[in-house]
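Observations on the three-dimensional arrangement
Letter by letter, the chains look like this.
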Amino acid sequence: TAPTAAREDADPGVEPAHADHSMSALRERCDALHDEIVAGQRGAVDRQHALGKLTARERLDLLLDEGSFVEIDMYRRHQIHGLGMEKRRPHTDGVVTGSGTINGRRVFVCAQDFTIFGGSLGEAHALKIQKVMDLAVSTGSPFIAINDSGGARIQEGVMSLNGYGGIFQRSVQASGVIPQISVVLGPCAGGAAYSTALSDVTFMVHDTAQLYLTGPDVVEAVTGQRVTHAELGGAQVHGTRSGIATFVHDDEESCLKDVRYLLSLLPANNLETPPRLPGRDAAADLRPRLAEIVPAEPSKPYDMRAVIGEIVDDGEFMELHEAWAANVICALARIDGEVIGLVANQPMVLAGVLDVAASQKAARFVRFCDAFSIPLVTLVDVPGFLPGTDQEYAGIIRHGAKLLYAYCDATVPRIQVILRKAYGGAYIVMDSRSIGADLSLAWPTNEIAVMGAGGAVSVLHRRELAAAPDPDALRAELVADYTRQLMHPHHAAERGLVDDVIDPVHTRSALARGLAMLRDKRRQPVPRKHGNLPL
Ligand code: HXC
């Protein structure tokens, strides 16, 4: 059998004639073509490896359970003429598509093949992706796209753009129905970049992955700015600044392993619940360290991740956007075998304030958890929203409202735990009972108020303090009085806004009991077309 390249060059559209039409000869030729396509073109595969990248098929081998991949549309080729395209009609058209399993659970996948037309997306390529997306939705299975592509295939013009449109349309319709995961392992330019933004979660790897709407050449031509691929859209940029990369990895192997782990925490679709593991007797599990990690003084920092480690099963949690908006933590974990989504202020970063980025990060996470029936646990230790012109001009009102909206709209079981301070709007937004938390627990160190004692006294007693012979002594007295009256541990509990004041060491057990209590929660929202989320 002629190698693929020769076959393409020799024959633009028609298969070569063969004399032998016996069953064995037909089978042999089919097998040979199959093997040829799977092997790929040697030189191109070597170039891909030399770039530090695996091939599309090697990636699928790492992602899927061994031997589970069922390929669809392997023989598909473009039907384009002009610009020399009729001479190059490689099978697969630059994307490997199909289905397989991850830990025995079905998923649909596409993996772009950079060795063919730079993984660029033409009509046939797009139709292949659309076909597996449709199958993912109709079978209620997660969809995983591995991106390694130069974007819209230039030679196919408007049909490439049309192909992207069809993918976006499907992605939006599938949003909240099946988990959609993008894995960026090479260039991901132009239209492809929007696919990642429309998916639920985006993985990237350092060095080889780039994600941007327009590449460095276009940037320079239009703006005169010279910028490298990595500076423009590397994993570092999207993991720390734009917030587009949810997870960033050093290499493809660890990245694909983590995709498998993420899938183990998600349901296959919105009609299922996340996979449960056997219980751990968490309801009887006391954690003395919790009383030591958190200082009683409200402004002393500590690492909230240490608290989370004590609360969740095996101290294991998967943090989303670890290096972006680190003042709020969003993580998936389990308590007593049940998957939960954790939203927590991080007093170690910017004192745990809520700002534009933190609001966006947490809002998107809350929507994600709610869409996929993941109960929410919110750990509160927040001094408020970050004040100042930077934040106001950047639209903190609009972005903070996203978080508010996301919580108000969420129908999954919701438990709030107030560790220390919970001031002002940030108290309301961090899943207070008033916006629909099902259970609110507070530690004895809780301080829920419009603002901290110092600020409150300054506002309420400005004139008295200015006129006082000893302002410091008067201030101390007023602060003590304010604290005694409005900020004692049971103030909110006496008013039903906190359901229980718990010893910190009981936090894990109280959450396990709370989650069990709320497990069958149902809430039917009033029918409407859709709400108007403050975007
Ligand atoms: C057709 C493409 C291609 C494209 C790359 N190739 N991008 N073919 N259409 N969009 C081909 C190259 O011609 C080359 O073919 C092979 O893929 C490998 O590309 P190289 O440039 O040699 O590789 P490399 O140096 O690694 O650079 C990769 C790259 C660069 C950064 C992706 O190719 C590039 O900048 N491509 C264009 C990116 C882009 O602007 N895309 C359009 C975006 S607009 P041979 O035959 O030599 O192997 C868009 C609109 C959609 O997507 C918007 C919807 C909202």
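Reference entry: report on the structure contained in this document. (Residues numbered from 1 in each chain as written. Predicted model: local features only at pLDDT ≥ 70, side-chain atom pairs only at ≥ 80, totals over all residues.)

Thoughts on the packing of helix 4 (residues 56–63) against helix 11 (residues 252–263)
Two quantities define a packed helix pair, namely the angle between the helix axes and the distance between the axes. One can describe the packing of helix 4 onto helix 11 by two numbers: an axis separation of 9 Å at closest approach and a directional angle of 45 degrees. Considered as vectors, helix 4 and helix 11 are oriented oblique to each other. Once helix 4 is placed against helix 11, the crossing between them reads as right-handed. Residues R59, L62 and L63 of helix 4 lie in contact with helix 11, whose contacting residues are E252, E253, L256, V259 and R260. Considering only residue class, the contact of helix 4 with helix 11 consists of four nonpolar, no polar and four charged. (Axes fitted to C-alpha atoms, helices over the stretch in contact; angles between N-to-C directions. Helix = DSSP H or I, 4+ residues; strand = E, 2+ residues; numbered from the N terminus. Parallel < 35°, antiparallel > 145°, perpendicular 65-115°, else oblique. Left-handed = near helix turned anticlockwise from the far one by under 90°. Contact = placed C-beta atoms within 7 Å. Nonpolar A, V, L, I, M, F, W, Y, C, P; charged D, E, K, R; others polar.)

A few points about the environment of S254
The residue S254 is located in helix 11 in this model. Sequence separation between S254 and V205 is 49 residues; the distance between their C-alpha atoms is 9.3 Å.

As for the nonpolar core
Counting 129 residues, the largest nonpolar core has I144, V183, V259, L342 and V366 as the members making the most contacts within it. Apart from residues no more than four positions distant in its own chain, V259 is found in contact with L63, I144, I181, V183 and F203. (Core = buried A, V, L, I, M, F, W, Y, C linked by C-beta atoms within 7 Å. Buried ≥ 20, exposed ≤ 12 C-beta atoms within 10 Å, placed from the backbone.)

Examining the packing of helix 6 (residues 157–174) against helix 7 (residues 191–198)
It is at 10 Å that the axes of helix 6 and helix 7 come closest, and there the two elements cross at 5 degrees. In this view, helix 6 runs roughly parallel relative to helix 7, as classed from their interaxial angle. Here helix 6 contributes Y164, I167, F168, S171 and V172 to the contact with helix 7, which in turn contributes G191, Y194, S195 and L198. Classifying every residue of the contact of helix 6 with helix 7 gives six nonpolar, three polar and no charged.

Some thoughts on the site of the ligand
As a structural note, the neighbourhood of the ligand is formed by 17 residues, with G118, G150, G151, G190 and G191 the closest of them. Among the elements of the structure, helix 6, strand 5 (180–189) and helix 7 are those that each provide at least two residues to the shell around the ligand. Split by residue class, the shell around the ligand holds eight nonpolar, eight polar and one charged. (Near = placed C-beta within 6 Å.)

Some thoughts on the environment of V356
Considering the arrangement of structural elements, one finds V356 in helix 14 (residues 356–371). Separated by 136 residues in the primary sequence, V356 and A492 place their C-alpha atoms 28 Å from one another. Apart from the residues within four sequence positions on either side, V356 is in contact with Q391, A394, G395, I396 and H399.

Here we look at unusual backbone geometry
Of note in this structure, A325 is not a glycine but carries a positive phi near 50 degrees. When you line up the elements, A325 lands in the loop between strand 9 (317–320) and strand 10 (328–335). Even without being glycine, A351 reaches a positive phi, approximately 55 degrees. Positionally, A351 belongs in the loop between strand 11 (338–345) and helix 14.

Description of helix 8 (residues 216–223)
Sparse coverage of helix 8 is indicated by the burial of zero of its eight residues. Looking one or two residues beyond helix 8, the residue adopting positive phi is G224, at roughly 80 degrees.

Focus on the pairing of strand 2 (residues 95–102)
With respect to burial, strand 2 is a largely interior element, six of its eight residues being buried. For strand 1 (residues 70–72) and strand 2, the ladder comprises three bridges, and the chain directions are antiparallel. Bridge pairing links I72 to T97 in strand 2. Relative to strand 3 (residues 105–112), strand 2 is paired through eight bridges, and the arrangement is antiparallel. Opposite T97, over in strand 3, you have C110 as the bridge partner. Linking strand 2 back to strand 3 in an antiparallel pair, the connection comprises two residues, with N103 at a positive phi of about 50 degrees. (Pairing = 2+ DSSP bridges.)

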